[in-house]
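# Residue-level structural notes
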Amino acid sequence: MKLYIKLIFIALFTVLTTNIFAQTDSTATFEVSGNCGMCKSRIEKAAKLTGVESAIWNIEDHKITVKYNFSKVKLASIQQAIAQAGHDTPLFQAPDEVYNKLHECCEYERMGENHTTHEHNGDDDHDHDHDAHAKENGTDNHEEDHNHEHIITGVVVNEDNKASLTPISNVNVKWLEGPKAQVTSNENGVFKIKHDKGNKHLVFSYAGMQPDTIEVKNLHEVLVVHAQNNVLSEVVVSRRKKSSYINALSANRAEILTAQELFKAACCDLSESFETTVSVDVVSNDAVTGSKQIQLLGLSGIYTQLTVENLPGPRGFATPLGLNSIAGTWIESIDISKGIGSVVNGYENMAGQINVELKKPHNSERLFFNAYANNMGRTDVNLNLAQKINDHWSVGLLLHDNFMYNKNMNFSDNGFRDIPVGNLFSGINRWHYENGKGTIAQFGIKYLKDDRTGGQVNFDKSRDKGKTDIYGLGFDNERIEGFAKIGYVFPQNRLRSIGLQLSASNYKQDSYFGLRNYNSEQTNGYANLIFQDIIGSVTHKYKVGASMTYDKYKEDIESNNFDRIETVSGLFAEYTFSPSENFDMVLGLREDYNSLYGWFTTPRLVARYNPFTGNTIRFSTGRGQRTANIFAENMSILASSRTLDYAALKNNQDAYGLRPEVSWNTGITIDQNFQLFGRESGVSVELFHNNFQNQVVIDWENPRTVSIYNLDGKSYSNSLQAEFRFMPAPHFEARMAYRLLDVQTDYKDGKLQKPLTAKHRGFVNLAYNLHSGWSFDYTFNTVGPKRLPSTSANPSAYQLANYSNAYITMNAQISKSFGADKNFTIYVGGENLTNKFQKDPILAFDQPFGQYFDTNLLWGPITGRMFYTGIRYHIK
């Protein structure tokens, strides 16, 4: 395997670098984000470094053409200079502190969608992107009819004879077709005017200047009006933001889900944040605990590294219920990266990484309120507060409260609650500091309290706990965490920086499952020091650093103790080679020492290549390692009557007497963007292979027991996914996808397909948004049959088929935003509209303390059709 990987490295590097180094032209065109003439002036000024002959940025297609002396200045250096002035380029994003200080009309969409760059010999045929082609063909996707209402936003600026731009306040703006509606521009030159049906032309007038009438072709974007030589004229537009996109700036393929994407569903917590993407499955672990897990590439969520702002998220003992602890309204964006990731973030990533970015106090709404309720008895209340104290300090408070008190919800009519009842409260207090001289710090504290009770509908904890009359289970979880991120950017060289990430947490769980008790406590400490710089030029970038993870585990299950202390300390280095805008290659290496298992090495490689316009190919490969927490990560074992051989697991020298899990992940992705119906469309194909060198196998094939042992043989997953994105009509976005999984493991009884994992899945998401504030969202899922663990050893009354049925689910939501700022929203929706739920989620439910009682054979939804409603309100 390792020789195979090395040959791939050599072949890939040879092919790509041969193509790259053949490019020696001194004229280049690439995209630069911006909106208006003020942006144009700023961008062109920043680009004119020593060695640059000319730099011209086109406002309409957002592209700059640069003529430069290759021997005096590198193209990447030009992009870096533009980014430092506040404008994103394909290689660099503008620093947040610079972007946030731009003029109001210059606040463009941050780059991260699909970007194309070219180097050429003045062949302008290669300079046109998809929007330009659309305009040439008369099919510009921004042009549309004017038969609906909307709020038009724009800015008016004056350009003097030195090309300096300043905003003009008190400019009168009105519709030619409806002269009664009139507004004026504010102190920043910005205006907002309501568009009514039939309006097409805006009239601008200002004392001392010649007025002008402008046809509005685009109702989606920001209008920019220039005044030059006392004449108001010229209209350009900015790009429309997308709710989800692929980050073109990263070497690995990162799918970004923004807060707008999350609003397409109820999204009360992180476990419900992936309903509108096919990349991630979220499934229930069993039929009674209410716990959920992520599945990525067909593998359990324990193989996906979950981070919160690149700090460790819920892990270890907190994994089973961790998805419920992060409120959806706290989330600014979610980054989903399949396959292997950066060594900077650690060694545990085996199937991918999901990084959750929370709302920051310095750039989020001053107030955000959300209230949610559904017909099953659940209520959620969320409140976000943010306050800028002064130029340096900001503070934020994020609060979430989840109530569930419907003890009688039981769709399968088996006498067991489908969802445990109780209350979950969580909150974050966070601070942000920035001194404007290169120092940025974020720190805060998080708290979680989760108290829930499940089991039979008539179970009463005070009366029935510890008895065999009525079956019940319960959790009492508490987690507290402190975190800090401190960074310093060197003023003399803004590509050189140093950062320190710190976190410490304590998690306690007291729980019981019938007659079984399970108590655990985890104390964690984490530190990660990162230094980054360039070698000569931005063609060669590197990161080096050191990290330390400390975990103290206390675990007591049925009077069996599995306490341990595990520390992992290591060094890492990552080198990025970016000889052109068309290619990036990232080589990473970690060397770590685990106090239980000794030294281990983590090599990784990621590469991105753009062979032609609109096409991006990415390749990744590397190693991952983790220590299994077999009881916490498979807590559903405890809810059934299956027996466990604790004596075989006792070993104080390592974790449960088991070896660490080790795997190699290799993947290739292809993204192709094109025009369809005159609008932006795209196709993506992904192929990933994960091969375990060792795995802790959880064997369910004997219905009376659960066997846990080290892999003896092979275990792998193959994942193939194809996705098609297009806009069949204005305001209407459609995504369709198909996924094929092949996940197999050598068990003691032979090689078998992973149980309770669908081989086939189909997905459709439709979104239609109107300027009047109405939004309509619909998601369709078809899930293929799943192999069920064998029940052939049970009596015939307690035997199940070898495979489950395929099923279809549908979710839909309608929302309406009100007010001039659209800051008040009402939404209603439904989930599982097909009312498909598993009729027999619990085996031998009539004998909960008998030997055949099993809650782990859940293959489909446990609840049926559900309806909800809610409100959102925010103050910017």
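Residues take numbers from 1 onward in each chain, read along the sequence in its written order. Totals for whole chains, interfaces and linings use all residues, but because this is a predicted model, local features are given only for residues with pLDDT of at least 70 and pairs of side-chain atoms are given and counted only at 80 or more. Excluded from the side-chain calculation are hydrogens and water; included are all heavy atoms of the structure.

### Details of the overall build of the chain
To be explicit about the condition: Under the scheme used here, helices are H or I runs from DSSP no shorter than 4 residues and strands are E runs no shorter than 2 residues, and both carry numbers assigned from the N terminus. Three exposure classes are used, based on accessible area relative to the maximum for each residue type with a 1.4 Å probe and protein chains only: buried under 20%, partly exposed in between, and exposed over 50%. Throughout, a residue-residue contact means that at least one pair of heavy atoms, one from each residue, lies within 4.5 Å. Only the protein chains shown count as cover for residues, and the accessible areas themselves come from Shrake-Rupley with a 1.4 Å probe.
Regarding its fold elements, the chain presents 8 helices and 48 strands. Within the chain, buried positions represent 57% of all 876 residues. Long-range contacts, defined as pairs at least 24 residues apart, comprise 65% of the intrachain contacts of the chain with a sequence gap of at least 6. With the model as given, the accessible surface of the chain reaches about 35,100 Å², and the carbon-plus-sulfur share is 53%.

### Side note on the sheet that holds strand E16 (residues 281-284)
What holds strands together in a sheet is hydrogen bonding between their backbones, with the strands either parallel or antiparallel. Inclusion rule: Any two strands with at least two DSSP bridges between them are considered paired.
The 3 strands are arranged E16-E17-E18 in an open sheet whose pairing can be described as antiparallel. Strands at the two margins of the open sheet, each flanked by one partner only, are E16 and strand E18 (299-300). Across 4 bridges, E16 lies against strand E17 (residues 292-296) in antiparallel orientation. Residue Val283 lies in a different strand from E17, and its bridge partner there is Gln293.

### Some words on unusual backbone geometry
Even without being a glycine, Ser559 presents a positive backbone phi close to 70 degrees. If you trace the backbone, Ser559 turns up in the loop between strand E31 (537-557) and strand E32 (560-561). The exposure class of Ser559 is exposed, given its relative accessible area of 69%. A positive phi is found at His731, a non-glycine position, where the angle reads about 75 degrees. Secondary-structure assignment places His731 in the loop between strand E41 (715-729) and strand E42 (732-747).

### Looking at the side chain of His874
Tracing the chain through its elements places His874 in strand E48 (residues 866-875). Setting aside anything within four residues of it in sequence, one finds His874 in contact with Glu365, Leu367, Phe368, Asp821, Lys822 and Asn823.

### Topic: the environment of Gly422
Secondary-structure assignment places Gly422 in strand E26 (residues 421-434). In the structure, Gly422 is positioned 44 residues away from Arg378 in sequence and 9.8 Å away in space, judged by C-alpha atoms. Setting aside residues up to four positions removed in sequence, Gly422 forms contacts with Asn402, Phe403, Met404, Tyr405, Asp451 and Arg452.

### Re the side chain of Thr666
Note the following rule: Here a polar contact is taken to be a pair of N or O atoms separated by no more than 3.5 Å, where protein atoms must pair a possible hydrogen donor with a possible acceptor and residues adjacent in sequence count only if both atoms sit in side chains.
Considering the arrangement of structural elements, one finds Thr666 in strand E37 (residues 661-676). Overall, Thr666 belongs to the buried group, its relative accessible area being 13%. A distance of 2.8 Å separates polar atoms of two side chains, one belonging to Thr666 and the other to Thr621.

### Structural notes on the environment of Thr616
In this structure, Thr616 sits in strand E36 (residues 615-626). Each C-alpha atom of the pair Thr616 and Ser684 lies 9.5 Å from the other, and the pair is 68 residues apart in sequence. Once you skip the residues sitting within four places of it in the chain, Thr616 turns out to touch Arg608, Tyr609, Asn610, Thr669, Ile670 and Asp671. Of note is the side chain of Thr616, whose polar atom sits 2.7 Å from the side chain of Asn610.

### Details of the pairing of strand E27 (residues 439-455)
Pairing of E26 with E27 involves 14 bridges; the strand directions are antiparallel. In the strand pairing of E27, Tyr433 is matched with Ala441. Counted along the chain from E26 to the antiparallel partner E27, the turn is 4 residues long, and its residue Gly436 has a positive phi close to 75 degrees. By the bridge criterion, 17 bridges tie E27 to strand E28 (residues 472-489) in an arrangement that is antiparallel. Bridge pairing in E28 places Ile445 opposite Gly482.

### So, the pattern of salt bridges
As a reminder of what qualifies: Each salt bridge in this description consists of a side-chain nitrogen of Lys or Arg and a carboxyl oxygen of Asp or Glu lying within 4 Å of one another.
Evaluated as defined, the whole model comprises 32 salt bridges. We note a salt bridge from Glu686 to Arg253, for which the minimum N-O separation is 2.9 Å. One end of the pair, Glu686, is in strand E38 (residues 679-694); the other, Arg253, is in the loop between strand E14 (244-246) and strand E15 (254-258), and 433 residues separate them in sequence. Through salt bridges with shared partners, one network takes in Arg253, Lys338, Arg618, Asp671 and Glu686.

### Re a nonpolar patch on the surface
Stated precisely, the cut-off is as follows: Like-charged residues are merged into a patch within 9 Å and nonpolar side chains (Val, Leu, Ile, Met, Phe, Trp, Tyr) within 5 Å, provided each residue has over 30% relative accessible area and no salt bridge.
A cluster of nonpolar side chains, Ile668, Ile670, Val683, Val685, Leu687 and Leu720, forms an exposed patch at the surface whose accessible area comes to about 420 Å². Here the nonpolar patch takes 3 residues from E38, the largest share from any one element. Inspection of the secondary structure puts Leu720 in strand E41. Residue Leu720 is classed as partly exposed on the basis of its relative accessible area of 35%.

### Some points on the packing of aromatic side chains
Our working rule: Each Phe, Tyr or Trp ring, with Trp reduced to its six-membered ring, pairs with another whose centre is within 6.5 Å; inter-plane angles below 30 degrees give stacked pairs, above 60 give edge-to-face pairs, and intermediate values give tilted ones. The rule for a charge over a ring is simple: NZ of Lys or CZ of Arg within 6 Å of the ring centre, and within 35 degrees of the ring normal.
In the structure shown here, the tally under the stated rule is 36 aromatic pairs. Summarising the aromatic geometry, the rings of Phe263 and Phe368 are spaced 6.2 Å apart at their centres and angled 5 degrees between planes, so their arrangement reads as stacked. With Phe263 in the loop between helix H6 (259-262) and E16 and Phe368 in strand E23 (residues 367-374), this pair connects stretches of sequence that are 105 residues apart. According to the relative accessible area criterion, Phe263 is partly exposed, its value standing at 28%. Chaining the aromatic ring pairs together yields one cluster made of Trp393, Trp431, Tyr433 and Phe443. Here the basic side chain of Lys816 rests over the ring of Phe818, its NZ or CZ set 4.5 Å away from the ring centre.

### Some remarks on the environment of Trp664
In this structure, Trp664 sits in strand E37. Counting along the chain gives 25 residues from Trp664 to His689, while the straight-line C-alpha distance between them is 8.2 Å.

### Comments concerning the pairing of E15
Of all 5 residues in E15, 5 are buried; the element is thus mostly enclosed. Because side chains alternate across E15, one face comprises the buried residues Ala254, Ile256 and Thr258, and the other comprises Glu255 and Leu257, equally buried. In this structure, E14 lies alongside E15, joined through 3 bridges in antiparallel fashion. Bridged to Ile246 within E15 is Glu255.

### Section: the sheet that holds strand E20 (residues 311-312)
Pairing is mixed in the open sheet, where 6 strands are placed in the order E14-E15-E21-E22-E19-E20. Among the strands making up the open sheet, the edge pair consists of E14 and E20.

### Regarding the confidence of the model for the chain
Test applied: In predicted models, pLDDT denotes the confidence assigned by the predictor to each residue on a 0 to 100 scale.
Across the chain, pLDDT averages 86, with 88% of residues at or above 70. Ranking the elements of the chain by mean pLDDT puts helix H5 (residues 130-136) last, at 34, and strand E35 (residues 598-609) first, at 97. Note that pLDDT drops below 50 for residues 11-24; the model gives that stretch 16 contacts with residues more than four away or on any other chain. Scored below 50 in pLDDT, residues 113-145 makes 77 contacts in the model with residues more than four places away or belonging to other chains.

### Considering helix H3 (residues 75-84)
An α-helical turn contains 3.6 residues, so any two residues separated by three or four positions project in the same direction. When you tally the buried positions in H3, you get 8 out of 10 residues, the bulk of the element. Among the residues of H3, those classed as buried are Leu75, Ala76, Ile78, Gln79, Gln80, Ala81, Ile82 and Ala83.

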